[in-house]
Every structure is written in C-alpha cells, then in structure tokens.
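Reading the structure
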2 protein chains.
Amino acid sequence: MEIRIGDLAKRSGCEVVTIRYYEKEGLLPKPARSGGNFRLYSDVHIERLQFIRHCRSLDMTLSEIRILLGLRDNPAQDCGDVNALLDVHIRQTEERVEALLQLKRHLLSLREKCSGARRIEACGILQGLSDCDHPGCNA
Amino acid sequence: MEIRIGDLAKRSGCEVVTIRYYEKEGLLPKPARSGGNFRLYSDVHIERLQFIRHCRSLDMTLSEIRILLGLRDNPAQDCGDVNALLDVHIRQTEERVEALLQLKRHLLSLREKCSGARRIEACGILQGLSDCDHPGCNA
DNA sequence: TAAAAACTCTATAGTCGCTATAGAGTCAAG
DNA sequence: CTTGACTCTATAGCGACTATAGAGTTTTTA
C-alpha cells in the first residue's frame, strides 16, 4: 500500500513541507516516485515518521533523533546509548523548568512594583528593569 | 566619558556582535564615531543596553523590548501597557513550565521501560517511541 | 620607530526547525 | 475540457544571535 505525501501528512499530524524537510535532512529515506514524480510512501516510511514525530513531541532535537534512528537501524547493539541520551534529555528538561520558575519569580516581583496605572516616569516596573542584576553586568 | 564597543560589551555582559545587532535592529541608537570610525558610546547607551539585557534575561523578545523602550521614551503616558505586557509574559512563562513538566513526566515513563543494557531490538524505550500517541497522529 | 598584538570595521552566511511563497506540473471529478 | 485539489522544486524568511572573511585602526612591546 503506497500513499502520497498529503495522506502521510494527515496520518502523522505534520505538514507536507515538514516531511520533505525531513527527507532533505536525511531523517526519512527517499521514497519511490510515481509516473508523475509524486512521492510514494510505504509502511516503513509511515512508521519511521511516527517515530520522528513522537520524538519531536518529546522536544528532542533533530540531531538527537538522528542518533536514535541510527541506533534503531543497528538492532544488534547495546541499548545503553539510548538510555544515556534519554537521561541527558530528562536532565535538560529539569534544568529548563528550574530556570523558568526562577524567571517567573523574578517577573512576579517586578510586577508588584507597579500597583496601578500612573505615569510612565513613575512606573516601578520600568525602573526595576533599569537596575541591572544579571550575571556579567557590572553596572 | 565615551567608551568603545569592547568596553561596552564587558560592562553589559554581552558580545560585541550583539551590540551591533541591536543597533541594526533599532534598539540602540547609532552612536558617535571616532576619527578611525570606531563607535563611541556614552552613559545613555550604557543604561539603555543594560535595560535591554535585563529584559532579555527575563526572556522577553526583542519586539516586546522595543515596545517597552518606546513607552520609556514617552514618560508622560499611562503605564498600564507596561503592566499588561508583563502580565502576558508571566502567563506565557507559567504555560511553558506546565508544558515542560508534562514533557518530563512523559520522558520519565519512557525511561522506565528500559531497566538495563540489552540489545537495541529489545529496548522498551525505542519501542515506546514507535507507539504513537501524540495529537493528530492516527496511527 | 617598527613590528606585533589587540581591537574594530563592514558584509555575508550559518544556526534550528520549520513556514511561506512563487511558478510550474499532475491528476481526478464534473 | 476545464476546474480544482494536489504535488513538484527552489528560494526566502522567522528570531536572536554566532561565525567568518578581509580590511583598517589603535595600543603594546621590542
């Protein structure tokens, strides 16, 4: 059963252009072509694209996904590398959550500096933004 | 007191190229030039760049910062817009934290599928990544 | 004083993961 | 047989930088 790119897009929940982009990036192998030069995809492509999209939904980068696909294509290897990649990814996610929570605390404290509407020149928020406290800044 | 771009970079904790980029983007006004065509910055530029860097450290986009700078340059206006911009930013931050926590839960459950090192073809993680459960995917 | 090192200049291309556009070709239904 | 939906390639744009090349300027060192 061979399907065209539009059907593959619907099945996988991503855009036609994105599929062509994955092909250009070497994540999806080049499919067969019809007489009119349309791409024809088979089950192998469908499953592989779903794998890619699932990884993307987990916020993995395309180069991480490239690595996982490479591992997947060599099934006799040890899967310790897969675990390691995932562990790194989990740790990065935790770090980003921490950074964002810190950021939010900072934003909330800034927001408290202006209680109501007044003139810009008296606004505590803008004044708070001028005071420099970020790393590397020697003001 | 006029300083050159390298000193401004050190003071503000950002790179020389970034300062030139901000100038090109209209966030920093064009500075005076020395006889040898070097940029010469004054206190006004220093303070403005610190404002920009502080906003960036709060993860604001350059267009948000452009708006804040515009408000700052018109001090007679009402500062309700500043508050509104910040409120939107805080809400976006909360949403991103929520999304990342969800993501982390997903990654952790995936990680549990592989307890130790075995052959790739038996690895529960890669199999978990093939099962498709993300929105829009009809697999 | 001259050479070397450090700094600055402009202009251009690359990063990532797409998204958008233009202009042409292919195919199925009315 | 024409309309409309689909597909093709190639190219440019997004945001916020980063990197590079090649030239000019200033400061330090010998």
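Residues numbered from 1 in each chain as written. Chains lettered and ligands numbered in written order. Predicted model: local features only at pLDDT ≥ 70, side-chain atom pairs only at ≥ 80, totals over all residues. Heavy atoms only, no water.

- Per an unreviewed UniProt entry, the recorded name for chain A is Transcriptional regulator, MerR family, and the organism is Thiomonas intermedia.

Topic: the protein's contact with DNA strand C
- Near DNA strand C there are 18 residues, and of these Tyr21(A), Arg56(A), Gly6(B), Arg20(B) and Arg39(B) occur at the shortest range.
- Counted by atom, the contact set of DNA strand C within 4 Å of the protein is 85% sugar and phosphate.
- Take Tyr22(A): an N or O atom from its side chain is 2.9 Å from a phosphate oxygen of DNA strand C.
- Contact distances for DNA strand C include 2.7 Å between a phosphate oxygen and a backbone N or O atom of Arg39(B). (Near = heavy atom within 4 Å. Polar contact = N/O pair within 3.5 Å; in protein donor to acceptor, adjacent residues only side chain to side chain.)

Observations regarding the UniProt feature "domain: HTH merR-type" (unreviewed entry) in chain A
- UniProt records the feature "domain: HTH merR-type" (unreviewed entry) for residues 1–71 of chain A in the present numbering.
- Segment residues 1–71 of chain A splits into 59% helix and 6% strand. End C-alpha atoms: 27 Å apart. (UniProt positions renumbered as here; feature names shortened; annotations may be inferred. Helix = DSSP H or I, 4+ residues; strand = E, 2+ residues; numbered from the N terminus.)

Regarding the nonpolar core
- Within the largest apolar cluster, 73 residues are counted, with the highest numbers of intra-cluster contacts made by Ile19(A), Leu68(A), Val82(A), Ile19(B) and Leu129(B).
- The contact partners of Leu68(A), leaving out residues within four places of it in the chain, are Phe51(A), Cys55(A), Met60(A), Val82(A), Leu85(A), Leu126(B) and Leu129(B). (Core = buried A, V, L, I, M, F, W, Y, C linked by side-chain atoms within 4.5 Å. Buried < 20%, exposed > 50% of the residue type's maximum accessible area, 1.4 Å probe, protein only. Contact = heavy atoms within 4.5 Å.)

Comments concerning the packing of aromatic side chains
Residue and element names in this part refer to chain A.
- Applying the stated criterion across every chain yields a total of 2 aromatic pairs over all chains.
- Ring geometry for Tyr21 and Tyr22: centres 6.1 Å apart, planes at 45 degrees, overall tilted.
- Among the residues examined, Tyr22 registers a relative accessible area of 3% and is labelled buried.
- Stacked on the ring of Phe51, the Lys or Arg Arg72 has its end atom at 4.3 Å from the ring centre. (Phe/Tyr/Trp six-rings, centres within 6.5 Å; stacked < 30°, edge-to-face > 60°. Lys NZ or Arg CZ within 6 Å of the ring centre and 35° of its normal.)

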